[in-house]
Amino acid sequence: MPTAATVPTTALLWRHTAAAPRPSPSPFGPARPAIRAPRQPAALFRRRISCQVAISTDASSSSPSVAEEEAEALSKIGRRIRVKVPLKVYHVLKAPELDLNGMEGEIKQYVALWKGKRISANLPFKIEFHVPVEGQPKPVKFFAHLKEDEFEYLP
């Protein structure tokens, strides 16, 4: 085998240019990838997808039924409450950045049940508050949604 010293320079240039990538006619890059992976048979890439649908619900005896939950919620509507956690609301225009801690209100609605079905309401109690605002003859009425552990019931 000839060494690099004995090989003519034209042969070295020819090998060099053949190994170099050819310039792409497109300014955005080559139209085809320089190296292609060998194609695999389509059978290797097939995957099975199985879908299952719940036809009936399994209501366990530990959770109350919808009727029991609705009856319990109806007994709570209209009760007076006091907020026991520091909680700020920003949706009252007349009193921006209002802190509800210690304020008293009335439960107006339980929104975790809708048309006889449970829905995933993360703040299920709709509570009405009245806050006196300077320059207003009547207190401003607003609503806030709270969880049951954020307030206590008043006697």
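See the structure printed just above.
Fair warning: this is a prediction, and the values are worked out from it, not measured in the lab. (Residues numbered from 1 in each chain as written. Predicted model: local features only at pLDDT ≥ 70, side-chain atom pairs only at ≥ 80, totals over all residues. Heavy atoms only, no water.)

S.K.: Report on the sheet that holds strand E7 (residues 125–131), specifying residues and quantitative values.
M.R.: One open sheet holds the five strands; their spatial order is E8-E7-E4-E1-E9, and the pairing between them is antiparallel. Among the strands making up the open sheet, the edge pair consists of strand E8 (140–146) and strand E9 (151–153). Averaged over all neighbouring strand pairs, the angle between strand axes comes to 40°, with direction disregarded. Pairing between strand E1 (residues 80–83) and E9: three bridges, direction antiparallel. The residue bridging Arg82 from the neighbouring strand is Glu152, located in E9. (Pairing = 2+ DSSP bridges. Helix = DSSP H or I, 4+ residues; strand = E, 2+ residues; numbered from the N terminus. Axes fitted to C-alpha atoms, helices over the stretch in contact; angles between N-to-C directions.)

S.K.: Residues and numbers for the packing of aromatic side chains, please.
M.R.: Taken as a whole and judged by the stated rule, the model has four aromatic pairs. Ring centres of Phe151 and Tyr153 lie 5.5 Å apart, and the angle between their planes is 85°; this geometry places the pair in the edge-to-face category. On the accessibility criterion, Tyr153 (25% relative accessible area) is partly exposed. Every member of this aromatic cluster is reached through a ring pair, and the members are Tyr110, Phe125, Phe151 and Tyr153. It is Lys126 that lies over the ring of Phe143; its NZ or CZ is 4.8 Å from the centre. (Phe/Tyr/Trp six-rings, centres within 6.5 Å; stacked < 30°, edge-to-face > 60°. Buried < 20%, exposed > 50% of the residue type's maximum accessible area, 1.4 Å probe, protein only. Lys NZ or Arg CZ within 6 Å of the ring centre and 35° of its normal.)

S.K.: Just give me the short version of the environment of Lys117, but keep the residues and values in it.
M.R.: Along the chain, Lys117 turns up in strand E6 (residues 117–118). In this structure, the C-alpha to C-alpha distance between Lys117 and Val66, residues 51 residues apart in sequence, is 6.9 Å.

S.K.: Explain the side chain of Lys76 to me, using residue names and the numbers behind them.
M.R.: Turning to its location among the elements, Lys76 is positioned in helix H3 (residues 66–76). Leave out the neighbours within four places in its chain, and Lys76 touches Ile107, Phe125, Glu148 and Tyr153. (Contact = heavy atoms within 4.5 Å.)

S.K.: I'd love a proper account of the nonpolar core, names of residues and values included.
M.R.: Among the nonpolar cores identified, the biggest contains 24 residues, and Leu98, Leu100, Ile127, Phe129 and Phe142 are the most heavily contacted of them. Counting only elements with at least two residues in this core, the list comes to E1, strand E4 (104–110), E7 and E8. For Leu98, the contacting residues outside a window of four places in its chain are Leu87, Lys88, Val89, Val92, Met103, Val131 and Phe142. (Core = buried A, V, L, I, M, F, W, Y, C linked by side-chain atoms within 4.5 Å.)

S.K.: Pulling in residues and values, what's your account of the pairing of E1?
M.R.: Across the two faces of E1 the burial differs, with Ile81 and Val83 buried and Arg80 and Arg82 not buried at all. Bridge count for E1 against E4 is three bridges, and the pairing is antiparallel. Among the inter-strand pairings, Arg82 is bridged to a residue of E4, identified as Glu104.

S.K.: Please provide a residue-by-residue account of the side chain of Glu150, values included.
M.R.: Here Glu150 is to be found in the loop between E8 and E9. No salt bridge forms around the buried Glu150; measuring N to O, its nearest opposite-charge neighbour Lys147 is 4.6 Å away. A distance of 3.0 Å separates the side chain of Glu150 from the backbone nitrogen of Lys147, its partner in a polar contact. Setting aside its immediate chain neighbours within four residues, Glu150 contacts Val83, Lys84, Val85, Leu87 and Leu123. (Lys, Arg positive; Asp, Glu negative; His and termini not counted. Salt bridge = Lys/Arg side-chain N within 4 Å of Asp/Glu carboxyl O. Polar contact = N/O pair within 3.5 Å; in protein donor to acceptor, adjacent residues only side chain to side chain.)

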